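If you want the building blocks of each chain, they are given just below.
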Amino acid sequence: MNIVKRVCFIGIGNMGWPMAAQLLKAGFEVAVSDAVAGRAMEFVATVGGTAATDLAESAREADVIITMLPTSAHVATVVEQIRGSLRAGQILIDMSSGAPAATQKIAKDLESIGVVVLDAPVSGGVSRAITGELAIMSGGEAAALDRVEAVLRAMGTTIHRIGPVGAGQAMKALNNLVSAGGFLIAVEALVIGQQFGLDPAVMTDVLNASTGMNNSTQKKLKQFVLSRKFDSGFGLDLMVKDLSIALEVGRDHAAPTPFAALCREMWASAGTMLGKGEDHTAIARLSEQLAGVTLAEKK
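Residues numbered from 1 in each chain as written. Predicted model: local features only at pLDDT ≥ 70, side-chain atom pairs only at ≥ 80, totals over all residues. Heavy atoms only, no water.

**Student:** Honestly, helix α1 (residues 16-25) in this entry has me stumped. Any pointers?
**Tutor:** Since one α-helical turn is 3.6 residues long, residues separated by three or four positions face the same way. Counting buried positions along α1 gives eight out of 10 residues, so the element sits mostly inside the fold. Every buried residue belonging to α1 is among Gly16, Trp17, Pro18, Met19, Ala20, Ala21, Gln22 and Leu23, and all of these are buried. Two residues or fewer after α1 comes Gly27, characterised by a positive phi angle close to 100°. (Buried < 20%, exposed > 50% of the residue type's maximum accessible area, 1.4 Å probe, protein only. Helix = DSSP H or I, 4+ residues; strand = E, 2+ residues; numbered from the N terminus.)

Printed below as a string of structure tokens:
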């Protein structure tokens, strides 16, 4: 088995930056690239590693190429850019929350030149990316996953092998569907309770001690909604994208999706109402607007 030493990490945004930093901390040689001018040099000055000023060359020299980009379309563009530099034996890991069908298409194309594609989207947000405690959902060949195990372990504490390439991204989209539904209903419950006269902060404490507990009640309601910060680091537009992928997976396999479709429609409506650039927790404002209230802890 070839030992992985050199990683080319493409996409050092909110999540990619701390993930690449964890790879450096684990001892990998990391070259970073980002579409934002100057960001790679900022990473090198702040964290270390090298800037992939010539992305094609950095990709050629790497054992593993990692993409952490907003959409599968961005990944496809990057792959097209570096394809001529790739060589047999390399592994491309798409850690983006992408569309399974698009990733499978890339995998089939690169298979012809001896490059293996894996998908390994993550869950846990920026806070767990910083500590290297992400949950990673991987898809692809077992032998290739064995080879990059140490790479993934540097960024995550739980690594689930879901199935063939694309399976990890399907699981990530479905995970976010569950997360999105849980957040919506939790906020709606707080709105109802506040209208009744309950304190949303006390309600949150009760939910977290009861069967209504979920990730949103534990890590989002007080932290980002009641605080009015709305700054979790994960965009509302990205949540809509993930929900659209979940519905696409459902349609492709003839699965009924009545609640999923409603959930996605509400998130998309919030995106239209609030505009671009909003954090996903800002969707609470949609429920507030419908009720004509603002959620606030009682003083």
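After presenting the structure, the write-up continues.
**Student:** Hey, could you run me through the pairing of strand β1 (residues 6-10) in this one?
**Tutor:** The side chains of a regular strand alternate between the sheet's two faces. Counting buried residues in β1 gives four out of five residues, a clear majority hidden from the surface. Pairing between β1 and strand β2 (residues 29-33): five bridges, direction parallel. Among the inter-strand pairings, Arg6 is bridged to a residue of β2, identified as Glu29. With α1 bridging β1 and the parallel β2, this β-α-β connection has right-handed handedness. (Pairing = 2+ DSSP bridges. Right-handed = clockwise from strand over helix to strand, strands pointing away.)

**Student:** How do you make sense of a nonpolar patch on the surface when you look at a structure like this?
**Tutor:** Side chains of Ile162, Met171 and Leu174 sit close together on the surface and give an oily, nonpolar patch of about 220 Å² of accessible area. Tracing the sequence through the fold places Ile162 in strand β9 (residues 156-163). Of the residues examined, Ile162 reaches a relative accessible area of 35% and is grouped as partly exposed. (Patch = residues over 30% accessible without salt bridge, like charges linked within 9 Å, V, L, I, M, F, W, Y side chains within 5 Å. Areas by Shrake-Rupley, 256 points an atom, 1.4 Å probe, with all protein chains shown as cover. Salt bridge = Lys/Arg side-chain N within 4 Å of Asp/Glu carboxyl O.)

**Student:** Got a minute to help me understand unusual backbone geometry in this structure?
**Tutor:** Among all residues save glycine, negative phi is the norm, and among peptide bonds the norm is trans. At Arg228, a position not held by glycine, the phi torsion is positive, near 65°. Within the fold, Arg228 resides in the loop between α12 (221-226) and α13 (236-252). Here Arg228 falls in the partly exposed class, since its relative accessible area comes to 30%. Although it is not a glycine, Ala254 sits at a positive phi angle of roughly 55°. Within the secondary structure, Ala254 is located in the loop between α13 and α14 (258-274). Owing to a relative accessible area of 70%, Ala254 belongs among the exposed residues under this scheme.

**Student:** Is there a simple way to think about the packing of aromatic side chains in this case?
**Tutor:** How two aromatic rings sit relative to each other is given by the distance of their centres and the angle of their planes. Counted under the stated rule, the structure contains two aromatic pairs. Between Trp17 and Phe43, the ring centres sit 5.0 Å apart and the planes meet at 75°, which makes this aromatic pair edge-to-face. Taken together, the positions of Trp17 in helix α1 and Phe43 in helix α2 (residues 39-46) put the pair 26 residues apart, joining distant regions of the chain. The same class applies to Trp17 and to Phe43, which are both buried. Note on Phe183 and Trp267: the rings are 6.2 Å apart at their centroids and 40° apart in plane angle, and the pair reads as tilted. One end of the pair, Phe183, is in helix α9 (residues 167-196); the other, Trp267, is in helix α14, and 84 residues separate them in sequence. By relative accessible area, which is 0% here, Phe183 ends up buried. (Phe/Tyr/Trp six-rings, centres within 6.5 Å; stacked < 30°, edge-to-face > 60°.)

**Student:** Can you walk me through the pattern of salt bridges in this structure?
**Tutor:** Two side chains bearing opposite charge may form a pair once their charged atoms approach each other closely. A complete count under the given rule lists 10 salt bridges for this structure. The shortest N-O distance in the salt bridge between Glu149 and Arg153 comes to 2.8 Å. Of this pair, Glu149 and Arg153 both sit in helix α8 (residues 149-153), four residues apart, roughly one helical turn. For Glu149, a relative accessible area of 24% puts it in the partly exposed group. Residue class for Arg153 comes out partly exposed when judged on its relative accessible area of 41%. A salt bridge links Arg285 to Glu278; the shortest N-O distance between them is 3.4 Å. The network of salt bridges with common partners includes Asp146, Glu149, Arg153 and Arg161.

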